[in-house]
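# Coordinates in review
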Amino acid sequence: MLASFEPALLVAMRKAGEIAAIQRIFLDPSTSAYTEKRVLGQAIGAAWTNGPPGKTIGICEGFETAAAYTSLTGIQAWATMGAKRFHQVDIPASVATIILLADNDAVGRRARDRAAESYQRPGLAIETEWPPGRMNDWAQLLKR
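Described below are features of the structure shown in this document. Because the structure is a prediction, the values reported are computed rather than measured. (Residues numbered from 1 in each chain as written. Predicted model: local features only at pLDDT ≥ 70, side-chain atom pairs only at ≥ 80, totals over all residues. Heavy atoms only, no water.)

## Comments concerning helix 1 (residues 63-73)
- Looking only at helix 1, the buried set comprises Phe 63, Thr 65, Ala 66, Ala 68 and Tyr 69.
- Check the buried side of helix 1 and you find it contacts strand 1 (8-15), strand 2 (18-27), strand 4 (56-60), strand 5 (77-79), strand 6 (97-101) and helix 3 (139-143).
- Trailing helix 1 by a residue or two, Gly 74 shows a phi angle of about 80°, which is positive. (Buried < 20%, exposed > 50% of the residue type's maximum accessible area, 1.4 Å probe, protein only. Helix = DSSP H or I, 4+ residues; strand = E, 2+ residues; numbered from the N terminus. Contact = heavy atoms within 4.5 Å.)

## Examining the pairing of strand 1
- Across eight bridges, the pairing between strand 1 and strand 2 is antiparallel. Each residue of the ladder has a partner; that of Leu 10, found in strand 2, is Arg 24.
- Connecting strand 1 to the antiparallel partner strand 2 that follows it, the hairpin turn spans two residues, and Ala 16 within it adopts a positive phi of roughly 55°. (Pairing = 2+ DSSP bridges.)

## Observations regarding the sheet that holds strand 5
- Reading across from one edge, 5-4-6-7 is the order of the four strands in this open sheet, with parallel pairing throughout. The strands lining the two open edges of the sheet, one partner per strand, are strand 5 and strand 7 (125-128). Within the sheet, the average angular offset between the axes of one strand and its neighbour, ignoring direction, is 25°.
- By the bridge criterion, five bridges tie strand 4 to strand 6 in an arrangement that is parallel. Opposite Gly 58, over in strand 6, you have Ile 99 as the bridge partner. (Axes fitted to C-alpha atoms, helices over the stretch in contact; angles between N-to-C directions.)

## Details of the sheet that holds strand 2
- Strand order in the open sheet formed by three strands is 1-2-3, and the pairing between neighbours is antiparallel. Sheet topology places strand 1 and strand 3 (34-41) at the edges, where each strand pairs with a single neighbour. Ignoring strand direction, the axes of neighbouring strands in this sheet form an average angle of 20°.

## Description of the pattern of salt bridges
- Under the criterion given, the structure shown has three salt bridges.
- Measuring nitrogen to oxygen at the nearest pair gives 3.5 Å for the salt bridge that ties Asp 90 to Lys 15. Remark: Lys 15 occurs in strand 1 and Asp 90 occurs in the loop between strand 5 and strand 6; sequence separation between them is 75 residues.
- Given the relative accessible area of 41%, Asp 90 is considered partly exposed.
- A salt bridge links Glu 36 to Arg 38, with the shortest nitrogen-to-oxygen separation between them at 2.6 Å.
- For Glu 36, a relative accessible area of 33% gives the class partly exposed. (Salt bridge = Lys/Arg side-chain N within 4 Å of Asp/Glu carboxyl O.)

Below is the structure:
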């Protein structure tokens, strides 16, 4: 078997502060568009995080959206690295409020509904914020 080398963005996913998985986002060198996404490690329960959790955190699908939401609002946001894992992040007991920041499309709405049910626990407030206007995610606000 021959090894192949392709440009990729590597995104660490943490669980309880430790790296549990790495998502590899392979890029087309001529367009910079992604061609494939693959995870190494145990992604269930893990998320891309931008620091230890505060009392309130947002939950996003992609890390670009999480970084954009944090930049726009000052509220820390974590990324599940996909709609299929949107309901699977381990939320620390110290978090009092989560804000579900799913993409504004059919898949995102289903992911949001499943997460709202999955994350329920005593003492945890669950809110939802959709991107403004007809935008699909919060990262689009920074691209304007």
